[in-house]
Amino acid sequence: MKKLLVLILILLTISVSGCKENTKSPLTILFPEGIPSIALGGLYDREDLEFRIVSGPDVLTSELVQDHYDVIVAPITAAAKLYMNGASEYHFAAVLTTGNSYIVSRKETPLSSLEDLEGKVVASYGEGNTPDIILKAALSSQEVNTTIVYEASINDVVTNRFMSLQPVDYILCAEPVLSNLENKMGIELNIINLQTVLENDIAFIPQAGIFVKELNEDILALLEDIDDNVIALNEDPTSYASLLVKLDPAKYPLFQSLGEETIALSIPRSEIFYARSINIKPQLTQYLNMINTYNSKILGGNIPDENFIQ
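Residues numbered from 1 in each chain as written. Predicted model: local features only at pLDDT ≥ 70, side-chain atom pairs only at ≥ 80, totals over all residues. Heavy atoms only, no water.

(A) Structural detail: the sheet that holds strand β4 (residues 91–98). Judged by pairing direction, the sheet is mixed, and its six strands sit side by side in the order β2-β1-β3-β10-β4-β11 without closing on themselves. Only two strands of the sheet have a single neighbouring strand rather than two, namely β2 (49–54) and β11 (272–276). For this sheet, the mean inter-axis angle between neighbouring strands, taken without regard to orientation, is 25 degrees. Sheet topology places strand β3 (residues 71–75) next to strand β10 (residues 206–212); five bridges connect them, and they run antiparallel. Of the residues in β10, the one forming a bridge with V73 is I210. (Pairing = 2+ DSSP bridges. Helix = DSSP H or I, 4+ residues; strand = E, 2+ residues; numbered from the N terminus. Axes fitted to C-alpha atoms, helices over the stretch in contact; angles between N-to-C directions.)

Below, the structure is given as structure tokens:
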């Protein structure tokens, strides 16, 4: 009888433990469409993770001041500003993307260095924000004077300025739009990487960051998985692109729209780079100081306190 009772207790314990494991809520992750969605694509089939992809910065900004997601991938400047204003409790855990800012011209238009832009018109986007700041910093470093005209988005730059009846010669561009111009539209391009232009001024340009409410055991494990995924996609872009286009097109239409070849071509220039923020504090300070130099309104000329980085 005692043996039977012990056996029943053991079975009940196993059953309860199993129920706890099965009812554990997945980690919720919010991030923007584009390169961040490519950077995390290898994790989409995980049942312990719940993803939401959005277009544009507005939803990211509004969610950084709320408590709906365990993890949010967002522009570092936006998250830093909200944190400094006391509006967000999300902390900076890791960098996910860097650089990805390019000056582009058609093959027949000279572009061997930024000096070719002297006195010319450049179509840009994100006025006053990171893409624009990177462009201005690069031009300043080479002492080049240009006229910059702005569109609301990179897609508007391509449609309204580069593919129009009276196109400008030079545009600011980024992946995956850049590879789409080459691969899908068949346009031969000259390309200058602005992160390379600025390499003597700043080690790298951190753009999208991974922000968390708390660094618990589950989040730390997720960060390690993201690190592994970034290594995998950079080592074998072709196999990674093949994986992405096999995902449900209803959930992830961007991958079907770009296609396997364009995704594979875009990855090497996308500057997808993972690093824990606590390990790159000097580089982050460099970047935030550059932001303050070219647009002090974003961070008020200051940088976040040490508690922002975890």
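(B) Expanded view of unusual backbone geometry. Cis rather than trans, the peptide bond between E175 and P176 has omega equal to 5 degrees. You will see that E143, though not glycine, has its phi angle at about 55 degrees, which is positive. For E143, the location among the structural elements is in the loop between α5 (130–141) and β7 (147–151). For E143, a relative accessible area of 68% translates into the label exposed. Despite not being glycine, E271 has its phi angle at roughly 55 degrees, a positive value. Of note, E271 is situated in the loop between α12 (260–266) and β11. (Buried < 20%, exposed > 50% of the residue type's maximum accessible area, 1.4 Å probe, protein only.)

(C) Seen up close, the environment of E175. Among the secondary structure elements, E175 is positioned in the loop between β8 (170–173) and α7 (177–183). In sequence terms E175 and A250 are 75 residues apart; their C-alpha atoms lie 22 Å from each other. Among residues more than four places away in sequence, those in contact with E175 are I35, N100, L265, S266, R269 and S270. Polar side-chain contacts of E175 include one of 2.9 Å to the side chain of S179. Within the structure, the side chain of E175 is placed 2.8 Å from the side chain of R269, a separation counted as a polar contact. (Contact = heavy atoms within 4.5 Å. Polar contact = N/O pair within 3.5 Å; in protein donor to acceptor, adjacent residues only side chain to side chain.)

(D) Main features of the packing of aromatic side chains. Throughout the structure, instances matching the rule amount to 11 aromatic pairs. Arranged with centres 5.8 Å apart and planes meeting at 80 degrees, the rings of F31 and F51 form a pair that is edge-to-face. Of this pair, F31 sits in strand β1 (residues 27–32) while F51 sits in strand β2, and the two are 20 residues apart along the sequence. For the pair formed by F31 and F51, the shared burial category is buried. Measuring from centroid to centroid gives 4.9 Å for Y44 and F51, while their planes differ by 65 degrees, and the two rings are edge-to-face. Following the ring pairs from residue to residue traces out a cluster consisting of F31, Y44, F51, Y252 and F255. Its guanidinium or amino end placed over the ring of F162, R106 lies 4.1 Å from that ring's centre, counting from NZ or CZ. Just above the ring of Y90 sits the side chain of K213; from NZ or CZ to the centre is 4.9 Å. (Phe/Tyr/Trp six-rings, centres within 6.5 Å; stacked < 30°, edge-to-face > 60°. Lys NZ or Arg CZ within 6 Å of the ring centre and 35° of its normal.)

(E) Fine view of the pairing of strand β5 (residues 102–106). Of all five residues in β5, four are buried, a share of seventy percent or more. Pairing analysis gives three bridges linking β5 to β8, with the strands arranged antiparallel. When the sheet's bridge partners are listed, V104 is paired in β8 with I171.

(F) Fine view of the nonpolar core. Ranked by size, the top nonpolar core spans 65 residues in total, and within it I103, L114, L117, I171, L194 and F211 carry the most contacts. Examining the composition of this core, we find that six residues originate from one element, α5, more than from any other. If we ignore the near neighbours within four places in the chain, the residues touching L114 are I103, A138, L139, Q142, V144, I192, L194 and V197. Formed by 39 residues, the second largest nonpolar core is a distinct cluster that contains L43, I219, L233 and A241. (Core = buried A, V, L, I, M, F, W, Y, C linked by side-chain atoms within 4.5 Å.)

(G) Quick peek at the sheet that holds strand β9 (residues 189–193). Taken together, five strands build an open sheet; the order of strands is β7-β6-β8-β5-β9 and the sheet is mixed. At either margin of the open sheet sits one strand with a lone partner, and together these are β7 and β9. This sheet shows a mean twist of 30 degrees between the axes of neighbouring strands, independent of strand direction. Pairing of β5 with β9, which is carried by five bridges, proceeds in the antiparallel orientation. Bridge assignment links R106 to a residue of β9, and that residue is L189. On top of the sheet, helix α6 (residues 154–162) reaches β5, β6 (121–125), β7, β8 and β9; it is set at about 115 degrees to β7, its chief contact.

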